[in-house]
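Listed below, chain by chain, are the residues.
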Amino acid sequence: IMLHGDPRYLSQVITNLVINAVDACKPNGGTVTVTLKRADEKYALLSVKDTGSGISPENLSKIFDPFFTTKPFGEGTGLGLSIVHDMVKEYNGHIDVKSRPGETEFILMLPFKKPE
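Attention in this report is confined to the structure presented alongside it.

Cut-offs and rules
Residues numbered from 1 in each chain as written. Predicted model: local features only at pLDDT ≥ 70, side-chain atom pairs only at ≥ 80, totals over all residues. Heavy atoms only, no water. Helix = DSSP H or I, 4+ residues; strand = E, 2+ residues; numbered from the N terminus. Rg over C-alpha atoms; globule rule 2.2 N^0.38 Å. Buried < 20%, exposed > 50% of the residue type's maximum accessible area, 1.4 Å probe, protein only. Contact = heavy atoms within 4.5 Å. Areas by Shrake-Rupley, 256 points an atom, 1.4 Å probe, with all protein chains shown as cover. Lys, Arg positive; Asp, Glu negative; His and termini not counted. Charge placed at Lys NZ, Arg CZ, Asp CG, Glu CD. Pairing = 2+ DSSP bridges. Axes fitted to C-alpha atoms, helices over the stretch in contact; angles between N-to-C directions. Left-handed = near helix turned anticlockwise from the far one by under 90°.

A count of helices and strands for the chain gives three helices and four strands. For the chain, the sequential pattern of α-helices and β-strands runs α-β-β-α-α-β-β. For 116 residues, the compact-globule formula gives about 13 Å, and the C-alpha radius of gyration of the chain, at 14 Å, lands near that figure. By its C-alpha atoms, the chain is 45 × 25 × 25 Å across when sized along the principal axes. When each of the 116 residues of the chain is scored for burial, the buried share is 30%. When contacts within the chain are restricted to residue pairs at least 6 apart in sequence, those whose partners lie at least 24 apart make up 59%. Carbon and sulfur atoms provide 55% of the accessible area of the chain, an area that totals close to 7,400 Å². Distance from the positive charge centre (13 side chains) to the negative charge centre (14 side chains) of the chain: 4 Å.

Taking strand neighbours across the sheet as the criterion, the four strands line up as β1-β2-β4-β3 in an open arrangement whose pairing is antiparallel. The outermost strands of the open sheet, each flanked by one partner alone, are β1 (32–38) and β3 (94–100). Mean inter-strand twist for the sheet, computed between neighbouring axes without regard to direction, equals 15 degrees. As defined by bridge partners, β3 adjoins strand β4 (residues 103–111) across seven bridges and the pair is classed as antiparallel. Bridge pairing in β4 links aspartate 96 to isoleucine 107. On top of the sheet, helix α3 (residues 80–90) reaches β3 and β4; it is set at about 140 degrees to β3, its chief contact.

Let us now look at the packing of helix α1 (residues 7–24) against α3. A packed helix pair is summarised by two numbers, namely the angle formed by the two axes and the spacing between the axes. At a minimum axis distance of 9 Å, the contact between α1 and α3 shows a crossing angle of 145 degrees. As for how α1 packs across α3, the hand of that crossing is left-handed. Residues Tyr9, Gln12, Val13, Asn16, Leu17 and Asn20 of α1 lie in contact with α3, whose contacting residues are Gly80, Leu81, Ile83, Val84, Met87, Val88 and Glu90.

Before going further, it helps to spend a moment on the pairing of β1. A regular strand carries its side chains on alternate faces of the sheet. As paired elements, β1 and strand β2 (residues 43–50) share seven bridges and run antiparallel to each other. Across the sheet, residue valine 32 finds its bridge partner in β2, namely aspartate 50.

Turning next to unusual backbone geometry. Between lysine 26 and proline 27 the backbone carries a cis peptide bond, its omega angle lying at 0 degrees. Along the chain, the position of proline 27 falls in the loop between α1 and β1. Phi is positive for phenylalanine 67, which is not a glycine, with a value near 75 degrees. Tracing the backbone shows phenylalanine 67 in the loop between α2 (57–60) and α3.

Here it is in structure tokens:
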């Protein structure tokens, strides 16, 4: 799948999502699955899914806010998902999240080419 844009941004997006997924699986472990596939003729679908603790409903609406974190002091800045959100928008893409106890999935729709 060929995406247009700065590969450093996409690398940062994936890194931030995977680190959060790994953290969500602590301390008992879990599975992190990263998938990239063609969604349709215009978009690729990138999914990062984990079998961790999930995101509580009251926090779900705040996760993309700068400096919002549920991690203990000194373990997170609250910037990771804010950066992910901004970079996906920079790609002219969309991001969505589905979460319940035991499963969280970030779904990114990234265009194959820049809009004209």
